[in-house]
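Structure assessment
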Amino acid sequence: MKTSSPFALVFDCACSGLSLAVLRDGDVVADHAETAATGQAARLAPAIQDVLARADIGARDLSLIGVTTGPGSFTGIRIGLAMARGLALALKVPLASCSTFAAVLENRSPLQRRRDEVDLILAIDSRRDEIFIARGAPMTSSIATPDAVVASLPAGLYGLLGDGAAALGAAFAASRRDACIAFSDLRPPIAANFGPALVAPGVEHWRARNASDGLPRPLYLRPADVTLPKTARR
């Protein structure tokens, strides 16, 4: 039986870590975050059980599931979406989603949000030599090396957000260009931060979105690193 106040479970495992939160009417009542480059497949289910227990609810009390869709780790994206879809279908609740770019944007502090003069660059670690980035208004996304990103930027004041910000900051420092970093937040998506914005449209909004658009799909900015067997290439 559903509770009178809707609960939502949101999580991210597409980036360099694992983050979950349970929200009640948009307020975080329990959350969990850990840093790990790998191992999300083994850690996600126990982490969900733990955060639900600390919220003092069961899975059947959930009215909404939320998940990030990438870009990020191919394995992490697939694990997160598979778990989120499975829960949504089993519990017969809608599935909300956002990109990892939208999720790291919510990591900004109130002071950083007021810095209108700062040009934001959202940077996600691709686990390769390149980073996924989004910037501009409206934001456009791409994938490039940190050096190439910095070389393409005009002089200005920049704020870096996301787990790719460390590599981008190092490229800024090495470039010696007339561009300054106002702030840098290296955290991956934090469910307690992006969860409220994700669930804000409401359960019925996401139910209608699922009905019209289908369940959320992964956001990939580069092809998967897959080598076909020799017999498949003939």
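The shown structure was predicted, so the numbers you read here are calculated from the model rather than taken from an experiment. (Residues numbered from 1 in each chain as written. Predicted model: local features only at pLDDT ≥ 70, side-chain atom pairs only at ≥ 80, totals over all residues. Heavy atoms only, no water.)

Before going further, it helps to examine the overall build of the chain. Tallying secondary structure elements over the chain gives eight helices and ten strands in all. The C-alpha radius of gyration computed for the chain amounts to 19 Å, which stays within 12% of the reference 17 Å derived for 234 residues, consistent with globular compactness. Dimensions of the chain along its principal axes, counting C-alpha atoms only, are 60 × 55 × 35 Å. Expressed as a percentage of its 234 residues, the buried residues of the chain come to 46%. In the chain, of all internal contacts separated by at least 6 residues, the share reaching a separation of at least 24 is 65%. When the accessible surface of the chain is summed, it comes to about 11,400 Å², and 55% of that surface belongs to carbon and sulfur atoms. (Helix = DSSP H or I, 4+ residues; strand = E, 2+ residues; numbered from the N terminus. Rg over C-alpha atoms; globule rule 2.2 N^0.38 Å. Buried < 20%, exposed > 50% of the residue type's maximum accessible area, 1.4 Å probe, protein only. Contact = heavy atoms within 4.5 Å. Areas by Shrake-Rupley, 256 points an atom, 1.4 Å probe, with all protein chains shown as cover.)

Here we take up the environment of Leu157. Along the chain, Leu157 falls in strand S9 (residues 156-161). Measuring from C-alpha to C-alpha, the distance between Leu157 and Ala179 comes to 6.0 Å, with 22 residues separating the pair along the chain. Discounting residues that sit within four places of it in the chain, Leu157 has contacts with Arg115, Glu117, Val118, Asp119, Cys180, Ile181 and Ala182.

What follows concerns the sheet that holds strand S10 (residues 179-185). Read from one edge to the other, the open sheet built from five strands follows the order S8-S7-S6-S9-S10, with strand pairing classed as mixed. In the strand order of this sheet, the two ends are held by strand S8 (140-144) and S10, each with one partner. Strand-to-strand twist in this sheet, taken as the mean axis angle between neighbours without regard to direction, amounts to 25°. Here strand S6 (residues 119-125) runs beside strand S7 (residues 131-135); their pairing, made up of five bridges, is antiparallel. The partner of Leu122 across the bridge, within S7, is Ala134. (Pairing = 2+ DSSP bridges. Axes fitted to C-alpha atoms, helices over the stretch in contact; angles between N-to-C directions.)

Turning our eyes to something else, we now look at the packing of helix H1 (residues 40-54) against helix H2 (residues 74-91). Contact geometry for H1 and H2: axes closest at 10 Å, N-to-C directions at 35°. As for the relative orientation of H1 and H2, their crossing is right-handed in sense. Residues Gln40, Ala41, Leu44, Ala45 and Ile48 of H1 touch H2, and the partners they reach there are Ile79, Gly80, Met83 and Leu87. Each residue belonging to the contact of H1 with H2 can be placed in one class, and the counts come to seven nonpolar, two polar and no charged. (Left-handed = near helix turned anticlockwise from the far one by under 90°. Nonpolar A, V, L, I, M, F, W, Y, C, P; charged D, E, K, R; others polar.)

Residues Leu9, Phe11 and Ile65 are the most contacted members of the largest nonpolar core, which totals 28 residues. In terms of residues, this core owes the most to one element, H2, which gives seven residues. Counting 15 residues, the second largest nonpolar core, distinct from the first, contains Ala144, Leu153, Ala165 and Leu168. (Core = buried A, V, L, I, M, F, W, Y, C linked by side-chain atoms within 4.5 Å.)

Bringing the side chain of Ser97 into the picture now. Among the structural elements, Ser97 can be located in strand S5 (residues 95-98). Filtering out sequence-adjacent residues up to four positions away, Ser97 remains in contact with Val67, Thr69, Leu198, Trp206 and Pro216.

So, on to the pattern of salt bridges. Under the counting rule described, the total for this entry stands at eight salt bridges. For Glu117, the salt bridge identified is with Arg115, shortest N-O distance 2.7 Å. One salt bridge connects Asp213 with Arg209, and the closest N-O pair in it is separated by 3.2 Å. Linking Asp213 with Arg209, this pair stays in helix H8 (residues 203-213), spanning four residues, or about one helical turn. (Salt bridge = Lys/Arg side-chain N within 4 Å of Asp/Glu carboxyl O.)

This paragraph deals with the packing of aromatic side chains. Summed over all chains, the structure comprises two aromatic pairs. With 4.8 Å between their ring centres and 45° between their planes, Phe74 and Tyr220 make a pair best called tilted. With Phe74 in helix H2 and Tyr220 in the segment after H8, the pair connects residues that are 146 residues apart, well separated along the chain. The interplanar angle of 50° and the centroid separation of 5.7 Å between the aromatic rings of Tyr158 and Phe172 together place this pair among those described as tilted. (Phe/Tyr/Trp six-rings, centres within 6.5 Å; stacked < 30°, edge-to-face > 60°.)

Attention now moves to H1. Since one α-helical turn is 3.6 residues long, residues separated by three or four positions face the same way. Between the first and last C-alpha of H1 there are 20 Å, a value that for 15 residues agrees with the 21 Å anticipated at 1.5 Å per step. All of the buried residues in H1 are Gln40, Leu44, Ala47, Ile48, Val51 and Leu52. Residues of H1 that are buried in the fold lie against strand S1 (7-12), strand S2 (18-24), strand S3 (27-34), strand S4 (62-68) and H2. Where H1 ends, the next residue or the one after it, Asp56, has phi of about 60°, a positive value. (Expected span 1.5 Å × (residues − 1).)

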